[in-house]
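# Descriptive structure summary
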Amino acid sequence: MVMQRPQLTRAGIAFALYLHHLISAIEVPLDSNIQSELPQPPTITKQSVKDYIVDPRDNIFIECEAKGNPVPTFSWTRNGKFFNVAKDPKVSMRRRSGTLVIDFHGGGRPEDYEGEYQCFARNDYGTALSSKIHLQVSKSPLWPKEKVDVIEVDEGAPLSLQCNPPPGLPSPVIFWMSSSMEPIHQDKRVSQGQNGDLYFSNVLLQDAQTDYSCNARFHFTHTIQQKNPYTLKVKTTRGVTETTPSFMYPYGTSSSQMVLRGVDLLLECIASGVPAPDIMWYKKGGELPAGKTKLENFNKALRISNVSEEDSGEYFCLASNKMGSIRHTISVRVKAAPYWLDEPQNLILAPGEDGRLVCRANGNPKPTIQWLVNGEPIEASPPNPSREVSGDTIVFRDTQIGSSAVYQCNASNEHGYLLANAFVSVLDVPPRILAPRNQLIKVIQYNRTRLDCPFFGSPIPTLRWFKNGQGNTLDGGNYKAHENGSLEMNMARKEDQGIYTCVATNILGKAEAQVRLEVKDPTRIVRGPEDQVVKRGSMPRLHCRIKHDPTLKLTVTWLKDDAPLYIGNRMKKEDDGLTIYGVAEKDQGDYTCIASTELDKDSAKAYLTVLAVPANRLRDLPKERPDRPRDLELTDLAERSVRLTWIPGDDNNSPITDYIVQFEEDRFQPGIWHNHSSYPGSVNSAVLSLSPYVNYQFRVIAVNDVGSSLPSMPSERYQTNGARPEINPTGVQGAGTQKNNMEITWTPLNATQAYGPNLRYIVRWRRRDPRGSWYNETVKTPRHVVWNTPIYVPYEIKVQAENDFGRAPEPDTVIGYSGEDLPSSPRYLRIRQPNLETINLEWDHPEHPNGVLTGYSLRYQAFNGSKTGRTLVENFSPNQTRFTLQRTDPISRYRFFLRARTQVGDGESIVEESPALLNEATPTPAYTKNHVDIATQGWFIGLMCAIALLVLILLIVCFIKRSRGGKYPVRDNKDEHLNPEDKNVEDGSFDYSDEDNKPLPNSQTSLDGTIKQQESDDSLVDYGEGGEGQFNEDGSFIGQYTVKKDKEETEGNESSEATSPVNAIYSLA
């Protein structure tokens, strides 16, 4: 354990240093508010190049720009000494800038200002340095005067014409021309070398037909200087001797060349010989560098661009003709001026923090590293206990306010140097959010998006993201938080909408900002234009039905042959398509519909073919069903669509009107073909919409006026990838098959709706109570039975589809009911007898229906004493609660049995009997089960006997009075019609009164208060044996005699049942 502790410590230090290295890469934001508030050491932002060549005809500008807070001041050195700008009237410095301006309009020599310049930018927190700028004035020297003699050369001999241009700055561009400014034709026999000389591998007689002048073009002055021309005299011989190749440049069999890393290497081999030799290039021990070599100047030069150390080695060129070959080896050495491995970066620290500056460079030879602080060697600067220099690294520990400075790293070797500035700024700044507040970000659903929250602070704040005020930090899963403050979403979903808050925190405080994210539906062309073949003059329609987010503005444009379509009078652009009226041949072409919003777009293309209408039609040819389509081809394969193309068969003299596309899948119903879609007869290609996880096979049927063709041969199969279901089962029902269960059924998904393997259904149910608990079961068949349920109670039911890729959206809730049972009896059954011919029944629904009532069943029979009639049955609808019975037997009573009915069967019955009539002229009141039949009570029978005795006495008195001559006319009710408006007639009652004789003061009244008749011609025998007599429902006799009331009753409308002598007698019977 003791041995491991130092290792852990070193690992921790390395990790800490790595973190501080990350800190060093962060710069002060460019936000103007931040810049104006924070102190910042100078930083050089712009400077002239190290080797700076200027045009002597122009003013000289030596650039030096820097930023910092406070704004830096500038000074210059020239050739290592302070350059006093104020003392030279030709030199000035731009305002708020360090750029030098040397003005020669008033005279002066630019050459007097050549030298090495360096810029210093200072403020209160340090000094930054520019690179050393070597200023040189461009030179265009004249060609030295020389006398050029005529050059004599033998035909077939090699020849080189030297150029030797004057040394310019920069070097001039060399080219050869004749004195008449005609370019010299060059090929593998005659070519210009890298040094500007013109080489002839062998001289021909025709070479003497022109002269040769070397020209130099200088960059700044854009002048061309011409050397005196060479004149050739070619001496001919009897024949040109063929010779083996020999090198004209370079000389000998080997040479060497040094090149600096990063520049282009140019190797050259020029050979003489008859015929002119061919040049080929090789590298010993390997191939020529791949991807960076190029042969130039008729293969005489090999260029290797951007040379690196790996390009060192031996290269050789092989010159050959039919007489032989020779080769030359060039040893290439690659050196390197210093180049950065790790350039020091600005370092922003908080008080008490640690950090480091790293300056690593490489080169050949290896460069030396020198550190400076504020432009002075670090060794000569004041000691700083928090700073430690270790070779190419400066380590800072426990930095404090006031330690800010600018450090320079100089890496140099014999081939050049590098100079870099990096400041160390010690700041304590609370967090600041740099993004605008309350941003609104819109993104298309399922697209990648990013929420930005740039921030700044010292110490570097930690940034966290929250959604809708929730306490969980968003990082991981669909979210990825970046160090720069951005929150990236791999796939924006609808549920990702909301308010996002970024919170930046350090020891000095915190800052936060909100970003609102809106997820929009994608723009999709759900039905695009289709390829059509139409006849001239017809009216084709190109569909473009679009589905898009309604909150985004939609723009629809049409292209024809990839150019904007001009919508003229013959065209009508609609929301879902384009219609062309009177189509012509010029309308033929590609049509593209483009639907776009501010966030996305979609497009669909189709080709419109216009056919000329034939002048004559052979109408008399026999017509038959079309031949089957052939050569089905699937193209444009996509996740949810595929393009099906076919070749139509012969229409057999009856134009094809439609094509029917069918499909077959081999998982759920193999071998069964289903209709997929249909298309007009002018179409032979269609984009078919597909469902996930279906192994499709297609065929096409052509249709004309005669009939349908045979199906085409099937296409190749196309398997779509799986996905979670997008819809749930339909037709969800819940109903009991027994009184203690509920069977849940639904229409299962078909093969094009399953979307994946292992299709199953999650069945959930609970009693219809928000406080109830959900139960669930996963099944594969479209049926599930829930047992032990109460009788006929409502349940909430959900059925959700699921496969191995996931679940369908949340399903709708449907209401089902558990099993039904027999209903209880109706709550009551009321019987009314409004007159002698009818009986009215009224009832109420059962207190416990135990299901859905399907109706009522009424059984009834007449009875009279022990005699009963046949049983009759009436069935009623479930909403009927009244029934009127037409009596056929006025004497008998009726017994009623009423039952309610559900789909299980008839329930308990309620039994009632119609009451007996107590008054032959007055109908019985409503009778219900709650009333007691007083006719069967002992006290009532005794009372009736007493009344009968009193009536008998009254009758005797009446006969005695009549025998003494009293006249009491009684009208036969057959001769006296009742007044239909009489109140007693309406309610079915009958009144006995004497309209001719008014009551005497001493006349007797009946028990109901009416005046008794004094005499009557009626006989009791007539009541018992009259042919017109009828029986009440209870079998009692109804008399046929009545007289009109001649005076209104004095005691009101009271019932006369108890005072009618006839009723009293026959009720006793």
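Nothing here was measured: the structure is a model prediction, and the numbers come from that model.

## Structural notes on the overall build of the protein
Secondary structure assignment for the protein yields 6 helices and 81 strands. Classification of the 1069 residues of the protein by burial places 43% in the buried group. The contacts of the protein with a sequence gap of at least 6 include a subset with a gap of at least 24, amounting to 66%.

## A few points about the sheet that holds strand β35 (residues 393–396)
Strands sit in the order β30-β35-β34 across an open sheet of 3 strands; the sheet is antiparallel. Looking at strand neighbours, the two that pair on one side only are β30 (355–358) and β34 (387–390), the edges of this open sheet. The mean angle between the axes of side-by-side strands here comes to 15°, regardless of whether they run parallel or antiparallel. In the sheet, β30 pairs with β35 via 4 bridges, with the strands oriented antiparallel. Bridge assignment links V358 to a residue of β35, and that residue is T393.

## Observations concerning the side chain of N346
Tracing the backbone through its elements, the reader meets N346 in the loop between β28 (324–342) and β29 (347–349). Within polar-contact distance, the side chain of N346 engages the backbone nitrogen of F423 at 3.0 Å.

## Here's the deal with the nonpolar core
Counting residues in hydrophobic clusters, the biggest one holds 31 residues, and the most contacted among them are I62, W76, L100 and Y117. Of all the secondary structure elements, the ones that give two or more residues to this core are β2 (51–54), β3 (60–62), β4 (64–69), β5 (73–78), β8 (100–102), β9 (115–123) and β11 (133–137). Not counting chain neighbours up to four residues away, the residues in contact with I62 comprise S48, Y52, W76, G98, T99, L100, Y117, I133 and L135. Core analysis: the next-biggest nonpolar cluster, separate from the first, contains 21 residues, V443, L451, M489 and C502 among them.

## So, helix α3 (residues 938–963)
Over its 26 residues, α3 runs 38 Å from end to end, which matches the ideal 38 Å to within 8%, given 1.5 Å per residue. Listed in full, the buried residues belonging to α3 are F940, M944, I947, A948, V951 and C958.

## Comments concerning the packing of aromatic side chains
For any pair of aromatic rings, the description consists of the separation of the ring centres together with the inter-plane angle of the planes. If you walk through the whole model with that rule in mind, you get 18 aromatic pairs. For the ring pair Y696 and F698, a centre distance of 5.3 Å and an interplane angle of 5° mean the geometry is stacked. The same class applies to Y696 and to F698, which are both buried. Clustering of aromatic rings is evident, with ring pairs tying together W843, Y856, F876 and F883.

## Points about the pairing of β34
By the bridge criterion, 4 bridges tie β34 to β35 in an arrangement that is antiparallel. Across the sheet, V389 pairs through a bridge with I394, a residue of β35. Joining the antiparallel neighbours β34 and β35 is a turn of 2 residues, in which G391 adopts a positive phi near 65°.

## A look at a nonpolar patch on the surface
A cluster of nonpolar side chains, namely L949, L950, L952, I953, I956, V957 and I960, defines an oily patch on the protein surface of about 620 Å² accessible area. Within the secondary structure, I960 sits in helix α3. Taking relative accessible area as the criterion, I960 reaches 41% and is therefore assigned partly exposed.

## Observations regarding the sheet that holds strand β60 (residues 674–680)
As summarised here, the arrangement of the 4 strands in space is β60-β59-β62-β63, forming an open sheet in which the pairing is antiparallel. Every interior strand has two partners, whereas the edge strands, β60 and β63 (718–719), have only one. The sheet contact formed by strand β59 (residues 656–665) and β60 spans 6 bridges and is antiparallel. Following the sheet pairing, Y659 is matched in β60 by Y679.

## Thoughts on the pattern of salt bridges
Enumeration according to the criterion identifies 50 salt bridges in this entry. E726 serves as the salt-bridge partner of R640, at 2.7 Å between the closest nitrogen and oxygen. On the criterion of sequence distance, the pair formed by R640 in the loop between β57 (630–635) and β58 (641–647) and E726 in the loop between β63 and β64 (730–735) is long-range, its members being 86 residues apart. Here R640 falls in the partly exposed class, since its relative accessible area comes to 35%. Judged by relative accessible area, E726 falls into the partly exposed class, the value being 43%. The closest approach of N and O atoms between R764 and E810, which form a salt bridge, is 3.0 Å. Taken together, the residues R764 in strand β66 (residues 760–767) and E810 in the loop between β70 (806–807) and β71 (814–817) connect sequence positions 46 residues apart.

## Details of the state of the cysteines
Using the criterion set out here, one finds 6 disulfides in the structure. Residue pairing for C64: its cysteine sulfur links by disulfide to C119, the two sulfurs lying 2.0 Å apart. In this structure, the disulfide formed by C64 and C119 twists by about -75° around the S-S bond and is classed as left-handed. One end of the pair, C64, is in strand β4; the other, C119, is in strand β9, and 55 residues separate them in sequence. You can call C64 buried: its relative accessible area is 0%. Each sulfur in the disulfide pair C269 and C317 lies 1.9 Å from the other. Handedness here is read from the sign of the S-S torsion; for C269 and C317, about -80°, the answer is left-handed. Here the residue C269 occupies a position in the loop between β22 (265–268) and β23 (270–274), and C317 occupies one in strand β27 (residues 313–321), the gap between them amounting to 48 residues. Judged on exposure class, the residue C269 and its partner C317 are both buried. When the bonded cysteines of the protein are counted from the start of the sequence, the pairing works out to 1-2, 3-4, 5-6, 7-8, 9-10, 11-12.

## Here's the deal with the confidence of the model for the protein
Averaged over every residue, the pLDDT of the protein is 83; residues scoring 70 or more account for 84%. This stretch, residues 1–25, has a pLDDT under 50; its non-local contacts, to residues over four places away or in other chains, come to 15 contacts.

## Digging into unusual backbone geometry
In this chain, N69 is followed by P70 through a cis amide linkage whose omega measures 5°. Considering the arrangement of structural elements, one finds P70 in the loop between β4 and β5. For the bond from L169 to P170, the omega torsion is 0°, close enough to zero to count as cis. Despite not being glycine, F298 shows a phi value in the positive range, around 60°. Note that F298 resides in the loop between β25 (293–296) and β26 (301–304). Here F298 falls in the partly exposed class, since its relative accessible area comes to 42%.

## A few points about the environment of T237
Mapped onto the elements of the fold, T237 is located in the loop between β19 (230–235) and β20 (243–249). For T237, a relative accessible area of 46% gives the class partly exposed.

## So, the side chain of N741
For N741, the location among the structural elements is in strand β65 (residues 741–747). Side-chain polar atoms of N741 contact the side chain of T737, separated by 2.7 Å. Once residues within four sequence positions are removed from consideration, N741 is found in contact with G736, V785, V786, W787, T789, S818 and G819.

## Side note on the environment of D124
Within the secondary structure, D124 sits in the loop between β9 and β10 (126–129). Classification of D124 as exposed rests on a relative accessible area of 67%. Along the backbone, D124 and S404 are 280 residues apart, and their C-alpha atoms lie at a distance of 9.0 Å.

What counts and what doesn't
- Residues numbered from 1 in each chain as written.
- Predicted model: local features only at pLDDT ≥ 70, side-chain atom pairs only at ≥ 80, totals over all residues.
- Heavy atoms only, no water.
- Helix = DSSP H or I, 4+ residues; strand = E, 2+ residues; numbered from the N terminus.
- Buried < 20%, exposed > 50% of the residue type's maximum accessible area, 1.4 Å probe, protein only.
- Contact = heavy atoms within 4.5 Å.
- Pairing = 2+ DSSP bridges.
- Axes fitted to C-alpha atoms, helices over the stretch in contact; angles between N-to-C directions.
- Polar contact = N/O pair within 3.5 Å; in protein donor to acceptor, adjacent residues only side chain to side chain.
- Core = buried A, V, L, I, M, F, W, Y, C linked by side-chain atoms within 4.5 Å.
- Expected span 1.5 Å × (residues − 1).
- Phe/Tyr/Trp six-rings, centres within 6.5 Å; stacked < 30°, edge-to-face > 60°.
- Patch = residues over 30% accessible without salt bridge, like charges linked within 9 Å, V, L, I, M, F, W, Y side chains within 5 Å.
- Areas by Shrake-Rupley, 256 points an atom, 1.4 Å probe, with all protein chains shown as cover.
- Salt bridge = Lys/Arg side-chain N within 4 Å of Asp/Glu carboxyl O.
- Disulfide = S-S within 2.5 Å.
- pLDDT = per-residue confidence, 0-100.

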